[in-house]
Amino acid sequence: MTGSLLSPEALETKLRAIGAQRYHDQHPFHHLMRDGRLDRGQIQAWALNRYYYQARIPAKDAYLVARLPTPALRREWRRRILDHDGDDENTGGIARWLMLTYVHFVRDRSLLEAVASCLTEMFSPQIIAERVEGMLRSYDFISRDTLAYFTPRLTQAPTDVAFALGYVKEHADTPEKQALVLDTLRFKCDVLWSQLDALYFAYVEPRLAPPGAFVPEKAPR
């Protein structure tokens, strides 16, 4: 049962509680990376694995832009595509990620669920700040230049969140829609958690990388 209709503020409180419990800043792999306890090969494996996820974000956003019903909404969301793809080959988040080096859900589910799938960005500034500070402190092969992807996200993510959260709070106007929004955020958190599960299993313990996967050279921490 979905229960009674929540106020927009109560819905936001529930969304933030999901992040506090399920966001991947709680994952052991993140803690190892933040605290300087991974070696260079393990960091490389994380960067390579995460690149595919990052590269799919503008494709996901393009699907979402095509589904938005008004020019104002489309203008707001297309900014996200530029954030990641940039204006040319040397700009944008994907190009910055190369220095370090869930689309079907958005296409096939309701528009409300598609927007709600972006709400993990409510929690990303904290994990980005932890990641950047810890990696700069702990790894001599990491510099601010190689972490250039993250700096703009500290200001871009809150802007993206303000729009997406406002949209969800306005349009999740039945208990059933609110339940969909909460389930969507849980799903997205599970996707991010599963990525780190796979990395931990393949490169930390028990180090069983699948056939054909990246195999790092032996390197000190």
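Residues numbered from 1 in each chain as written. Predicted model: local features only at pLDDT ≥ 70, side-chain atom pairs only at ≥ 80, totals over all residues. Heavy atoms only, no water.

Enquirer: Talk me through the overall build of the chain; I want residue IDs and the actual numbers.
Expert: Broken down by element type, the chain carries ten helices and zero strands. Moving toward the C terminus, one meets the helices and strands of the chain in the order α-α-α-α-α-α-α-α-α-α. By the compact-globule yardstick of 17 Å for 221 residues, the chain fits well, its C-alpha radius of gyration being 18 Å. Its C-alpha atoms put the chain at 55 × 40 × 35 Å along the principal axes. (Helix = DSSP H or I, 4+ residues; strand = E, 2+ residues; numbered from the N terminus. Rg over C-alpha atoms; globule rule 2.2 N^0.38 Å.)

Enquirer: Describe the nonpolar core, and please don't skip the residues or the numbers.
Expert: Among the nonpolar cores identified, the biggest contains 57 residues, and L15, W46, W77, L119 and V168 are the most heavily contacted of them. Of all elements in the fold, only α1 (8-22), α2 (28-34), α3 (40-67), α4 (71-85), α7 (111-116), α8 (124-138), α9 (150-171) and α10 (175-203) reach the threshold of two or more residues within this core. The leading source of residues in this core is α10, at nine residues. Contact partners of L15, with chain neighbours within four places excluded, come to L119, M122, F123, L165, V168, V181, L182 and L185. (Core = buried A, V, L, I, M, F, W, Y, C linked by side-chain atoms within 4.5 Å. Buried < 20%, exposed > 50% of the residue type's maximum accessible area, 1.4 Å probe, protein only. Contact = heavy atoms within 4.5 Å.)

Enquirer: So what about the packing of α8 against α9? Which residues, and what values?
Expert: At their nearest, the axes of α8 and α9 sit 9 Å apart, and the two run at 165 degrees to each other. Considering the angle they form, α8 stands roughly antiparallel to α9. Judged by the twist between their axes, the crossing of α8 over α9 is left-handed. Facing S124, P125, I128, A129, R131 and V132 of α8, the residues of α9 in contact are F150, R153, L154, A157 and P158. Each residue belonging to the contact of α8 with α9 can be placed in one class, and the counts come to eight nonpolar, one polar and two charged. (Axes fitted to C-alpha atoms, helices over the stretch in contact; angles between N-to-C directions. Parallel < 35°, antiparallel > 145°, perpendicular 65-115°, else oblique. Left-handed = near helix turned anticlockwise from the far one by under 90°. Nonpolar A, V, L, I, M, F, W, Y, C, P; charged D, E, K, R; others polar.)

Enquirer: Before we move on, can you summarise α4 with the specific residues and values?
Expert: Note that an α-helix has 3.6 residues per turn; residues three or four places apart therefore point the same way. With 15 residues, α4 ought to run about 21 Å at 1.5 Å a step, and its terminal C-alpha atoms sit 21 Å apart, in line with that. Turning to α4, its buried residues number three or more, namely L73, W77, R80, I81, D83 and H84. One face of α4 carries all of its buried residues, which in axial projection span an arc of 160 degrees. (Expected span 1.5 Å × (residues − 1). Arc of directions from axis to C-beta.)

Enquirer: Quick one: what's the story with α3, residue by residue and with numbers?
Expert: Look at α3: 42 Å from first C-alpha to last across 28 residues, which is about the 40 Å you get at 1.5 Å a residue. I57 marks the point of greatest bend in α3, at about 25 degrees, and the proline P58 comes within the next four residues. (Bend = angle between axes of the 7 residues up to and from the residue.)

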